[in-house]
Structures are given as structure tokens and as C-alpha cells.
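Chain by chain, the residues:
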Amino acid sequence: MPRTPEQNESIKAQSRKAILDAAFPLFSKFGFDKTSMATIAKEAGVSKGLIYHHFDNKVDVLIAVFDNLMEQSSEVWDVFGEDESAHDRLLKMIDISILFTKGNPEWVRLLIQLALQEDVVESLHDHISAIRSNK
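Quick caveat: nothing in here was measured; it's all calculated off a predicted structure. (Residues numbered from 1 in each chain as written. Predicted model: local features only at pLDDT ≥ 70, side-chain atom pairs only at ≥ 80, totals over all residues. Heavy atoms only, no water.)

A. Looking closely at the overall build of the chain. What the chain contains, in helices and strands, is seven helices and zero strands. Ordered by position in the sequence, the α and β elements of the chain form the string α-α-α-α-α-α-α. Dimensions of the chain, computed from C-alpha atoms along their principal axes, come out at roughly 60 × 35 × 25 Å. Considering the chain as a whole, with its 135 residues, one finds that 29% of them fall into the buried category. Partitioning the contacts of the chain with sequence separation of at least 6, the portion at a separation of at least 24 is 61%. (Helix = DSSP H or I, 4+ residues; strand = E, 2+ residues; numbered from the N terminus. Buried < 20%, exposed > 50% of the residue type's maximum accessible area, 1.4 Å probe, protein only. Contact = heavy atoms within 4.5 Å.)

Here it is as C-alpha cells:
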């Protein structure tokens, strides 16, 4: 019996999620340059070809990982009241940053890895600019 379109979409979403779930800690631990598509495929339990079915290249995988992380952490930063003073906002931002860093070490490691790889940051520049302009 053939799969329904809904089943196909569910399988596609599951495989994409497995790829991103594997890529994030690999990028975080080893950096973008030292993480291969083959390593991501092995860790995700999928073929390398399936990764290329979902993503054009490794930069696209990184962008999707980055987007997922931004989506997951977006509510963390939406805690500022409009009536708060600049001083109170700054104190709250420092507290949130410290708590976020403690609670999300892989995220922070990934950001540090990316910051140390200028060529990767440049490849993300347009995407990050687009995210900023949408806010």
C-alpha cells in the first residue's frame, strides 16, 4: 500500500530533524570546517544523499541549525517590558545571558566556533542580516 502524502511529509520532517539534531552537536564540538557531510549522515543514521535531498550544501545545513536555535531561543529575549529603564534592561540582559550560557553550552560553543571561522560567518552574513531586518 503506498504512503499517503501526509506520511511522506512526516517521514521527510523526521529525516530533516534527525539531520539537524546530528549536525548541531557536531558543529558545536568540531566546528563547521571539521564536520563533514558524511559524519553528519553517519550520526543521523541517514545516507549522505538524503542530506543533499534536504539541503544543497553544508552551509545550508548550518543555516537550518542556526534558524532552529534562533527559533528555540527567541522567547528567552522577549522578556523586556516597554516601561523598563535602560539600566533595568541591561541588568536583565546580563542575567539572561548568564543563565542562557549555563543552560545551553552547546549553543554557546557553536557560536564561539562560528566566531573563530570568519569564512563561515561571512557565508551566514546575508542570512543573519535578513533575520535582523525582519524583527
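Having put the structure on the table, let's press on.
B. Summary view of the packing of helix α1 (residues 5-30) against helix α2 (residues 37-44). At a closest axis distance of 8 Å, the pairing of α1 and α2 adopts a crossing angle of 120 degrees. By the angle between their axes, α1 is oblique relative to α2. Relative to α2, α1 is oriented so that their crossing is right-handed. Between α1 and α2, the contacting residues are A18, I19, A22, A23, L26 and F27 on the first element and T39, I40, E43 and A44 on the second. For the contact of α1 with α2, the class distribution of residues is eight nonpolar, one polar and one charged. (Axes fitted to C-alpha atoms, helices over the stretch in contact; angles between N-to-C directions. Parallel < 35°, antiparallel > 145°, perpendicular 65-115°, else oblique. Left-handed = near helix turned anticlockwise from the far one by under 90°. Nonpolar A, V, L, I, M, F, W, Y, C, P; charged D, E, K, R; others polar.)

C. Layout of the nonpolar core. Ranked by internal contacts, the top residues of the largest apolar core, which has 29 residues, are F27, I40, I51, V61, L62, V65 and L110. Looking at this core, the elements with two or more residues in it are α1, α2, α4 (58-73), α6 (105-115) and α7 (118-133). Excluding residues within four positions of it along the chain, L62 makes contact with F27, F32, L110, L114, V120 and L124. (Core = buried A, V, L, I, M, F, W, Y, C linked by side-chain atoms within 4.5 Å.)

D. Inspection of the environment of G31 at higher detail. Residue placement: G31 occurs in the loop between α1 and α2. Between the C-alpha atoms of G31 and R109, which are 78 residues apart in sequence, the distance is 8.9 Å. Residue contacts for G31: discarding those within four places in its chain leaves L26, Q113 and Q117.

E. Expanded view of a negative patch on the surface. Judged by side-chain charge, D33, E118, D119 and E122 come together as a negatively charged surface patch. Here E118 shows up in helix α7. By relative accessible area, E118 is classed as exposed at 61%. (Patch = residues over 30% accessible without salt bridge, like charges linked within 9 Å, V, L, I, M, F, W, Y side chains within 5 Å. Areas by Shrake-Rupley, 256 points an atom, 1.4 Å probe, with all protein chains shown as cover. Salt bridge = Lys/Arg side-chain N within 4 Å of Asp/Glu carboxyl O. Lys, Arg positive; Asp, Glu negative; His and termini not counted. Charge placed at Lys NZ, Arg CZ, Asp CG, Glu CD.)

F. Structural view of the packing of aromatic side chains. Per the stated rule, a full pass over the model turns up three aromatic pairs. Ring geometry for F100 versus W107: centroids 6.0 Å apart, planes at 70 degrees, classification edge-to-face. Residue class for F100 comes out buried when judged on its relative accessible area of 14%. A network of ring pairs unites the aromatic residues F66, F100 and W107 as a single cluster. Positioned over the ring face of F32 is K58, at 4.4 Å from the centre of the ring. (Phe/Tyr/Trp six-rings, centres within 6.5 Å; stacked < 30°, edge-to-face > 60°. Lys NZ or Arg CZ within 6 Å of the ring centre and 35° of its normal.)

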